[in-house]
Structures are given as structure tokens and as C-alpha cells.
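Architecture and fold: a report
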Amino acid sequence: MKKVLIGIVVFLVLIQLIPIDRTNKPVDPKQNFVEVLKTPKDVTEMLKNACYDCHSNEVKYPSYAYIAPISWSIKHHVNEGKENVNFSEWMTYNKDQKDHILDEIIETIENKEMPFKGYIPMHPEANLTDAQRKILIDYFKGLQKSGQY
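Residues numbered from 1 in each chain as written. Predicted model: local features only at pLDDT ≥ 70, side-chain atom pairs only at ≥ 80, totals over all residues. Heavy atoms only, no water.

Re the environment of Val34
Counted only if it meets this: By the criteria applied, helices consist of DSSP H or I runs no shorter than four residues and strands consist of E runs no shorter than two, each listed in order from the N terminus. We call a residue buried when its accessible area falls under 20% of the maximum for its residue type, exposed when it is over 50%, and partly exposed in between, using a 1.4 Å probe and counting protein chains only. What makes two residues a contact is simply this: any of their non-hydrogen atoms within 4.5 Å.
Residue placement: Val34 occurs in helix 2 (residues 33–36). Note on Val34: relative accessible area 8%, which makes it buried. Along the chain, Val34 and Glu107 lie 73 residues apart, while their C-alpha atoms are 20 Å from each other. Those residues in contact with Val34 that lie beyond four places of it in its chain are Thr39, Thr44, Leu47, Lys48 and Tyr52.

Below, the structure is given as C-alpha cells:
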């Protein structure tokens, strides 16, 4: 039993040596959703608190994101989030992509699928109230209606 525990400890120490890239790309204000669209302050705050850690180039990695294998899971979620939408690169999407992304964002917020449930306990500011969700949904629907995105 002692050898097994020592083996586990050695394994956990060794996996800390596997590097995870936590480098954020620079944010170009001419590409960034909240800056290009001059997003209202309350909407910007909600997006930054609840979305930007996985859906932008402004990821703030918490201290526990430096401990393997937790770091691997976090990096996977961030990569997956950016594949769906990267608000820092909003202007690189074409109109059809933006239309699709806005539909997905609205549906995801309505269904309370985001923020990711495992994210909220460590980031309570990301736990959107129903009123905040309504503000975001109305904002995104307004963008769709105006076509100004």
C-alpha cells in the first residue's frame, strides 16, 4: 500500500512538469466584440464576468489552473469555448457565422447552459440571475434585429 501511495505522489509531481500554454493572444480593439459594438457597460460587465474567461483572448487563469491534471481540463474547456465563439476576434467572422453565433448564444443563455456549471462555484460573479440573462438575451436579439454587428 505504501508503494502505491508513493507511486501516486510521484506521478502527481511528474505531471506538473507537462506545460500548458496559458498565453493569451493580444486583443485588437478593432476586432473585440464589446469595443467594436460599443456594448453597454452592464452588458460588457456581464460578458466579461460570465463569458470572457472561455470565449475571448482575455482569459484570467486562476491559481488552480496551474495544477495538473486540473490545468488540462481548464485548457480544454477554454479551447473548446474559443472554437464556438471568441469575442476578442468577433470581426473575423463573416455575417453568416455571426448570425449562427448569435442564435447559439441566445439559445445557450435561455437554456442556462452557460456559464458552465463547474465554473460557477469558483467564479460566483459568473452566476447570472434571470434578470441578467434577460438583459443579455434582449441585447443579442436587438443586435440580430438591427443587423448592426
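Section: helix 6 (residues 130–146)
This is how it is decided: A helix is expected to span 1.5 Å for every residue after the first. Here, the arc refers to the directions that run from the helix axis to the C-beta atoms.
Over its 17 residues, helix 6 runs 24 Å from end to end, which matches the ideal 24 Å to within 8%, given 1.5 Å per residue. Within helix 6, the full set of buried residues consists of Arg133, Leu136, Ile137, Tyr139, Phe140 and Leu143. An end-on view of helix 6 places all buried positions within 160° of arc, on one side of the element. Among the exposed residues of helix 6, those oriented more than 90 degrees off its buried face are Asp130, Ala131, Lys134 and Lys145.

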